[in-house]
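Breakdown of the fold
Below are the chains, spelled out letter by letter.
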Amino acid sequence: MRLFSPAILLAAAAVAASPVTTQPAPLEAAASRTTTLRQADARVAAIGYRLALAGRGLCPTLYPLTGLVFHHLAEYLPADRAPMIRRYGLDRGPGVLIVLAGTPAAQAGLRAGDVLLAVNDQAFPSPAAQVAARDPDKWRPMAEAGEARLDDALRQGPARLRVLRDGREMEVALGSVPGCFGRVRLARNPKVNAFSNGHDVIVTTAMLDFVRSDDELALIVGHELGHFILGHPPMHGSDKLLASIGIRSGVFWKREEAADRMALRLMAAAGYDLDAAIPFWRRFLGQYDTDPQIFRYHPSLGARERIAREEIAAIRAGGTRSR
Ligand SMILES: [Zn+2]
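I will try to describe carefully the structure that is included in this document. (Residues numbered from 1 in each chain as written. Predicted model: local features only at pLDDT ≥ 70, side-chain atom pairs only at ≥ 80, totals over all residues. Heavy atoms only, no water.)

1. Re the overall build of the protein chain
- Each helix and strand counted, the protein chain has 12 helices and 11 strands in total.
- Out of the 323 residues belonging to the protein chain, those deemed buried represent 53%.
- Once local pairs closer than 6 in sequence are excluded, the contacts in the protein chain between residues at least 24 apart make up 72%.
- Counting every atom, the protein chain has about 13400 Å² of accessible surface; 55% of that belongs to carbon and sulfur. (Helix = DSSP H or I, 4+ residues; strand = E, 2+ residues; numbered from the N terminus. Buried < 20%, exposed > 50% of the residue type's maximum accessible area, 1.4 Å probe, protein only. Contact = heavy atoms within 4.5 Å. Areas by Shrake-Rupley, 256 points an atom, 1.4 Å probe, with all protein chains shown as cover.)

Okay, here's the thing in C-alpha cells:
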C-alpha cells in the first residue's frame, strides 16, 4: 500500500527479498504455533482468492486460480531445510502449503504436504538449484517460474499433475477457474505493512494483528491487488527518494487513489463490507500524524476518506467507475 516513510518502504523491500522473514509457517515448530501461522497464511490467501475470483470482470488479464498456496525449499532457513526434505520431500518440487476449501485444488483432492513433481509430464524447476542460487533475488524468480509453469499449463485446460504424497507418486487432474491475479503471501514481520513486489502481494503478520476484520484485510489486499490489476510498477528506491522530496509525487498519489477505488470495487464484487474502509483509514493513517512526510506522495487522510466515500456511493448507486 506504500503508505510508509521511505525508510520503512526500503525495509519492506528487504523483507520481500529475505528468505528469513518470508518463510512459510515453520512446519517443524511447536504444533500450536504452526497451526496459528498456517491459519494466518490461509486467511490472507483465502481473501486474495475470493477477491480475485469475484473481481474477474474488472481485470484485463485473467489468471487460472486453483486455491493452491505453495511453499518452496529455498524459503526456509538453511537449518530447517533438512527436516523439510525428510518430512515432505521438498527437494523434489514445489510443496503444497495450503489447499483453500471449495477451490479446484480441493476438488482435485490435493492436500497440504503434497509435492508437485511434474505438470503434463514436464518436471518443475529443481528446488536444489534454487537453494544453490543462495541469493534471494535469484531464488524467488526461480520458485515463481515453477508456479508460472503450472499457470501456463492450466491456461490450456485441466492439467495432469505428478504428485508426491507420503513417499509415493500419484497422478492428479487439476482444473482452474479464471480470475484476477490473486497471489497473496504472509511475511513474518513486526511492521504494520502491505505492499506488492511485482510478483506477489505481501501482507505482514503485524498488519494481520492490526486489522479488526476480514473486511479491513480485504481492503488492504484489494488495494495491493489493485496496483497489480492496474499495471502499476512496483516502487523502486529511486522513486521513493524522489517522491519523498515531492518530485513526481502526483504520479504516486494518483496510483494510490486508483488502487483505493479498485479495492472497493473488488470488495463489493466479493461481498465484503465497504463500510469497513473509512474507519480503517482513520485508524491506520492516524498512526502517521507525527510523520506527515508520507503525505507528500500519498493521499491525506481527508483525501482518502473523500475517495472512499465517492467510490462507495458510486458502487451503491450501481454506477460505472467514477475514474
Ligand atoms: Zn498503494
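Next, the rest of the story.
2. So, the nonpolar core
- Ranked by internal contacts, the top residues of the largest apolar core, which has 59 residues, are L51, M207, L225, L264, F280 and F284.
- Composition of this core by domain shows at least three residues from each of domain 1 (6-179) and domain 2 (210-316).
- In this structure, L51 is in contact with A218, V221, G222, L225, L266, M267, A270 and Y272, ignoring residues within four places of it in sequence.
- With 16 residues, the next largest nonpolar core counts V96, L150, L161 and L174 among its residues. (Core = buried A, V, L, I, M, F, W, Y, C linked by side-chain atoms within 4.5 Å. Domains from an automatic or database assignment.)

3. What to know about the state of the cysteines
- Enumeration according to the criterion identifies one disulfide in this entry.
- The disulfide partner of C59 is C180, and the S-S distance across this bridge is 1.8 Å. An S-S torsion of about 90 degrees defines the bridge between C59 and C180 as right-handed. Of this pair, C59 sits in the loop between α2 (31-54) and β1 (63-65) while C180 sits in the loop between β8 (177-179) and β9 (184-187); the two residues are 121 residues apart in sequence, bridging distant segments of the chain. The burial state of C59 is the same as that of C180; both residues are buried. (Disulfide = S-S within 2.5 Å.)

4. Section: the pairing of strand β7 (residues 168-174)
- Where strand β6 (residues 159-165) lies against β7, seven bridges are found, and the strand directions are antiparallel. When the sheet's bridge partners are listed, A159 is paired in β7 with L174.
- The hairpin formed by β6 and β7 contains two residues between the paired strands, and D166 there has a positive phi angle of roughly 50 degrees. (Pairing = 2+ DSSP bridges.)

5. Here's the deal with the pattern of salt bridges
- For the structure shown, the criterion picks out 23 salt bridges.
- For E310, the salt bridge is made with R306, and the minimal N-O distance between the two is 2.9 Å. Here E310 pairs with R306, and both are found in helix α12 (residues 301-316), just four residues apart, close to one helical turn.
- Classification of E310 as partly exposed rests on a relative accessible area of 35%.
- Overall, R306 belongs to the partly exposed group, its relative accessible area being 37%.
- Salt bridges sharing common partners tie together R92, D121, R160, R162, E169 and E171. (Salt bridge = Lys/Arg side-chain N within 4 Å of Asp/Glu carboxyl O.)

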